[in-house]
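Take a look at the letters that make up each chain.
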Amino acid sequence: MEAANLSVATTSVALALGPKTCSSSPSPSGILSSTPGNAVLPGREPPFSVFMVLVVTLLVLLIAATFLWNLLVLVTILWVRAFHRVPHNLVASTAVSDVLVAELVMPLSLVSELSTGRRWLLGRSLCHVWISFDVLCCTASIRNVAAIALDRYWTITRHLQYTLLTRRRASALMIALTWALSALIALTPLLFGWGEVYDARLQCCQVSQEPSYAVFSTCGAFYLPLGVVLFVYWKIYKAAKFRFGRRGRVVLPLPATMQVKEAPDEAEMVFTAHCRATVAFQASGDSWREQKEKRATMMVGILIGVFVLCWIPFFLTEFISPLCACSLPSIWKSIFLWLGYSNSFFNPLIYTAFNKNYNNAFKSLFIKQR
């Protein structure tokens with residue numbers, strides 16, 4: 001009986017001291033765990049379930065689709081000379097960051113999800129590389145969305161002063177600042193020792209949980225760009241409504257003499273010619289340029305909306321958890337993280353859905369390849 005009691009006690013201690021979950025890691029654990037409370041017997045991997053296989057398959061498809069779709073957008077911009085201008089260079093910068101997310105960040109995050117207890121088994125050096133690229137690429141993707149919104153705002157509100165040369169210089173400056181500030185946020189913990197990234201004892205790889213760095217990184221990577229894009233799009237909406245919403249289309253009766261007359265409410269000008277019958281020319285509906293600008297404004301609005309829905313759950317968690325020393329259930333943290341990663345998949349879909357030139361370029365690119 002004493003031997004049996006000693007055996008039960010030894011088993012309990014082994015379970016209590018088994019592999020611990022890195023609950024504050026950048027890619028939260030639990031989405032692939034199959035045992036209650038993430039408890040895993042020593043020396044045994046959790047059994048594969050149908051649900052786990054479906055989740056892994058979905059994540060692999062998400063990674064592949066994100067990489068290929070952004071790569072297609074990037075190749076198209078480089079191949080077609082008409083796209084070598086603003087705002088396509090901003091779209092190209094976003095596609096570069098999203099390609100890197102799919103190529104360098106998401107696969108290693110999936111490998112970490114698949115490990116027992118969500119331990120990091122790839123060493124300190126690769127942990128530093130992964131965390132740095134995670135913060136760098138995700139921050140650059142977010143800030144590129146803010147740059148696209150700013151470019152649209154200046155195009156609508158300062159269309160006379162915002163010339164092609166000015167637009168090129170502004171876009172180049174925004175791209176440089178986007179990547180420089182993203183690199184600063186990503187490399188600060190490694191260069192200045194602002195919190196620990198890798199814990200060899202727990203085999204844990206995570207973004208620095210130092211409270212001051214959590215405030216600095218989340219504000220610089222998300223909350224500041226979020227405030228910019230929300231304020232800018234509110235101004236875009238007001239400017240677009242003022243510019244396009246008051247354009248009426250009125251056809252006025254005119255005598256059969258040559259004259260030019262302007263209709264009220266900024267209507268288009270109606271021309272008549274001196275001949276047997278009066279000929280009136282009046283545009284019906286929006287002009288081609290107005291329709292193009294409306295589509296671009298709607299594209300930016302949807303881009304911002306999807307960006308907010310994808311990233312705000314993750315960054316709320318990342319901001320609050322280090323400050324209160326608390327943690328969400330691991331399953332929700334994993335869902336929030338991969339929801340944020342999925343923003344890199346939605347970005348190129350939104351670009352191409354509102355720009356027919358991309359669809360035509362895709363067709364011509366594949367036809368030439370054949």
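Residues numbered from 1 in each chain as written. Predicted model: local features only at pLDDT ≥ 70, side-chain atom pairs only at ≥ 80, totals over all residues. Heavy atoms only, no water.

(A) Quick peek at the overall build of the chain. Tallying secondary structure elements over the chain gives 10 helices and 4 strands in all. The N-to-C order of helical and strand elements in the chain reads α-α-α-α-α-β-β-α-β-β-α-α-α-α. For the chain, buried positions account for 43% of its 370 residues. The long-range fraction of contacts in the chain, counting pairs at least 24 apart against all pairs at least 6 apart in sequence, stands at 72%. Roughly 19,800 Å² of accessible area belongs to the chain as shown, and the carbon and sulfur atoms make up 68% of that amount. (Helix = DSSP H or I, 4+ residues; strand = E, 2+ residues; numbered from the N terminus. Buried < 20%, exposed > 50% of the residue type's maximum accessible area, 1.4 Å probe, protein only. Contact = heavy atoms within 4.5 Å. Areas by Shrake-Rupley, 256 points an atom, 1.4 Å probe, with all protein chains shown as cover.)

(B) View of the pattern of salt bridges. According to the stated counting rule, one finds 1 salt bridge in the structure shown. Among the salt bridges present, the one from D151 reaches R167, with a minimum N-O distance of 2.8 Å. In this pair, D151 is assigned in helix 4 (residues 123-157) and R167 in helix 5 (residues 164-192), connecting sequence segments 16 residues apart. Residue D151 is classed as buried on the basis of its relative accessible area of 2%. (Salt bridge = Lys/Arg side-chain N within 4 Å of Asp/Glu carboxyl O.)

(C) Expanded view of the nonpolar core. With 73 residues, the main nonpolar core has M106, I131, F307, W311, W338 and Y341 as its most contacted residues. The leading source of residues in this core is helix 4, at 15 residues. (Core = buried A, V, L, I, M, F, W, Y, C linked by side-chain atoms within 4.5 Å.)

These values are about where atoms sit, not about what they do.
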